[in-house]
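# Structure assessment
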Amino acid sequence: MKKYFLFLIFLTISNTYSQELKIDEKAFSITEVDEKPVFKDGMEKFYKYIAKNFKMPEEEGLKGKIIVEFIIETDGSISNFIVIQDIGYGSAEEITRSFKKCPNWIPGKKDGQVVRTLYRLPITIMSAT
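Source: prediction; values computed, not measured.

## Examining the overall build of the protein chain
A count of helices and strands for the protein chain gives 3 helices and 7 strands. Listing each helix as α and each strand as β along the protein chain from the N terminus yields α-β-β-α-β-β-α-β-β-β. Here the protein chain, with 129 residues, has 31% of them falling under the buried criterion. Of the contacts formed within the protein chain by residues at least 6 apart in sequence, a portion of 74% connects residues at least 24 apart. Of the roughly 9000 Å² that the protein chain leaves accessible, carbon and sulfur atoms contribute 56%.

## Considerations on the packing of aromatic side chains
Following the criterion strictly, the structure yields 12 aromatic pairs and no others. An angle of 65° between the planes, with centres 5.5 Å apart, marks the rings of Phe46 and Phe99 as edge-to-face. Here the residue Phe46 occupies a position in helix α2 (residues 43-53), and Phe99 occupies one in helix α3 (residues 91-100), the gap between them amounting to 53 residues. Here Phe46 and Phe99 have matching classes, each one buried. Every member of this aromatic cluster is reached through a ring pair, and the members are Phe39, Phe46, Tyr47, Tyr49, Phe70, Phe81, Phe99, Trp105 and Tyr119.

## A short note on α2
Phe46, Tyr49, Ile50 and Asn53 are the residues of α2 that are buried. One side of α2 carries all its buried residues, which in axial view fall inside an arc of 95°. With respect to the buried face of α2, the exposed residues turned more than 90 degrees away are Glu44, Ala51 and Lys52. The inward-facing, buried residues of α2 contact β2 (38-39), α3, β5 (105-106) and β7 (113-126).

## Side note on the side chain of Glu69
Tracing the backbone shows Glu69 in strand β3 (residues 63-72). Here Arg120 takes part through its side chain, which lies 2.9 Å from a polar atom of the side chain of Glu69. Setting aside chain neighbours within four positions, we find Glu69 in contact with Asn80, Phe81, Ile82, Ile84, Leu118, Tyr119 and Arg120.

## Some thoughts on the pattern of salt bridges
Applying the stated criterion across every chain, the model contains 5 salt bridges. The shortest N-O distance in the salt bridge between Arg120 and Glu69 comes to 2.9 Å. Of this pair, Arg120 sits in strand β7 while Glu69 is found in strand β3, placing the two residues 51 residues apart along the sequence. Look at Glu69 and you get buried, because its relative accessible area is 17%.

## Remarks on the pairing of β3
In terms of residue burial, β3 counts as a mostly covered element, since 7 of its 10 residues are buried. With 10 bridges connecting them, β3 and β7 associate as antiparallel partners. Following the sheet pairing, Phe70 is matched in β7 by Tyr119. Counted along the chain from β3 to the antiparallel partner strand β4 (residues 78-85), the turn is 5 residues long, and its residue Gly76 has a positive phi close to 95°.

Reading guide: rules and limits
Residues numbered from 1 in each chain as written. Predicted model: local features only at pLDDT ≥ 70, side-chain atom pairs only at ≥ 80, totals over all residues. Heavy atoms only, no water. Helix = DSSP H or I, 4+ residues; strand = E, 2+ residues; numbered from the N terminus. Buried < 20%, exposed > 50% of the residue type's maximum accessible area, 1.4 Å probe, protein only. Contact = heavy atoms within 4.5 Å. Areas by Shrake-Rupley, 256 points an atom, 1.4 Å probe, with all protein chains shown as cover. Phe/Tyr/Trp six-rings, centres within 6.5 Å; stacked < 30°, edge-to-face > 60°. Arc of directions from axis to C-beta. Polar contact = N/O pair within 3.5 Å; in protein donor to acceptor, adjacent residues only side chain to side chain. Salt bridge = Lys/Arg side-chain N within 4 Å of Asp/Glu carboxyl O. Pairing = 2+ DSSP bridges.

See the structure below:
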């Protein structure tokens, strides 16, 4: 009985401790923030940046959607980058390479404070052939 009681106390303490997050440690979803993060020169410039830096895999008729998810940190940098969906032929590796070189964003805000924001972005790829 003592072992069971101690286990419950330990479980309660560890759950309470793990729930104590500071506002700057949590990543808010795009729907939870008051001001959404934006690329410094706007999304049109961001898509131009991707188009310029993404090297299309050499596969005839390649097209589809790459979906990426990442966190925009309070300093505007990108972290926790994950490719949710890719079109194959090395596209996941290439989009990852492009994003690693990406300039900082203007971070999101919640209640007037800059916060980490989880962002999901679809990128449509169409080969020129």
